[in-house]
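A closer look at the structure
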Amino acid sequence: MCGSAHWVENNFKSKRCDDCGFVYYANPCAATAAFIVNENDELLVVRRAKEPAKGTLDLPGGFCDMYETVEEGMRREIKEETGLDVDEIQYLFSSPNVYQYSGMGVHTLDMDFLVRVKCGSTAIHAADDASDARWIALDDVDPADFGLTSIRNAVIRFLQTRS
């Protein structure tokens, strides 16, 4: 607030200006991931086009924008990365995460959704942060193929709920 560079640790989640007393809280950013499943029990996965974990499998998703609900953000990310327009999304679970961005750890709250689509209802194509998009039979999904730890853990959790 005052422009001072005299920041001190207030507690584990905040910093305080030693000169004016302003306290800044480092709250997590909202992020989403979609488990898009078709009638053939296949999961839509994308391949990461950028670091971190470039070239590994991922789920469509990303950060929510300002003034956007989580559901709007989820639908936007799905459209941007796969070309799919989806209406019905079902919240599954959330997980705290630290996403590495430009050498900095960004605390996020990852919210995972289930999206069911009909086979052949819409053609998919990779775009934006995805270099590839394809369907994998759920029985063939290997969590080790997912490069981001948070997504890998979400895939494990999702597959366990199917058992």
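Here the structure is a predicted model, which is why all the values come from computation and not from measurement. (Residues numbered from 1 in each chain as written. Predicted model: local features only at pLDDT ≥ 70, side-chain atom pairs only at ≥ 80, totals over all residues. Heavy atoms only, no water.)

Things to note about the overall build of the protein chain
Looking only at helices and strands, one finds two helices and ten strands in the protein chain. When the helices and strands of the protein chain are placed in sequence order, the string is β-β-β-β-β-β-β-α-β-β-β-α. Across its three principal directions, the C-alpha atoms of the protein chain cover 60 × 30 × 30 Å. Relative to its full complement of 163 residues, the protein chain shows a buried share of 39%. Residue pairs at least 24 apart in sequence account for 58% of intrachain contacts in the protein chain once pairs closer than 6 positions are excluded. Carbon and sulfur atoms provide 50% of the accessible area of the protein chain, an area that totals close to 9600 Å². Mean positive and mean negative side-chain charge positions of the protein chain (16 and 27 charges, respectively) differ by 3 Å. (Helix = DSSP H or I, 4+ residues; strand = E, 2+ residues; numbered from the N terminus. Buried < 20%, exposed > 50% of the residue type's maximum accessible area, 1.4 Å probe, protein only. Contact = heavy atoms within 4.5 Å. Areas by Shrake-Rupley, 256 points an atom, 1.4 Å probe, with all protein chains shown as cover. Lys, Arg positive; Asp, Glu negative; His and termini not counted. Charge placed at Lys NZ, Arg CZ, Asp CG, Glu CD.)

Looking at the confidence of the model for the protein chain
In low-pLDDT segments, the atomic positions of the prediction should not be examined closely. Per-residue pLDDT for the protein chain averages 91, and the proportion of residues at 70 or more is 98%. Element-level mean pLDDT values for the protein chain span from 90 in strand β3 (residues 23–25) up to 96 in strand β6 (residues 57–58). (pLDDT = per-residue confidence, 0-100.)

Some details on the pairing of strand β2 (residues 14–17)
Bridge count for strand β1 (residues 7–11) against β2 is four bridges, and the pairing is antiparallel. Residue N11 lies in a different strand from β2, and its bridge partner there is S14. In textbook terms, the turn of a hairpin is the stretch between consecutive antiparallel strands, and for β1 and β2 this stretch comprises two residues. (Pairing = 2+ DSSP bridges.)

Things to note about the pattern of salt bridges
Under the definition given, this model contains nine salt bridges. Residues E68 and R76 are paired through a salt bridge, measuring 2.8 Å at the closest nitrogen-oxygen approach. Residues E68 and R76 agree in their burial class; the two are buried. Salt bridges sharing common partners tie together D65, E68, R76, E77 and E80. (Salt bridge = Lys/Arg side-chain N within 4 Å of Asp/Glu carboxyl O.)

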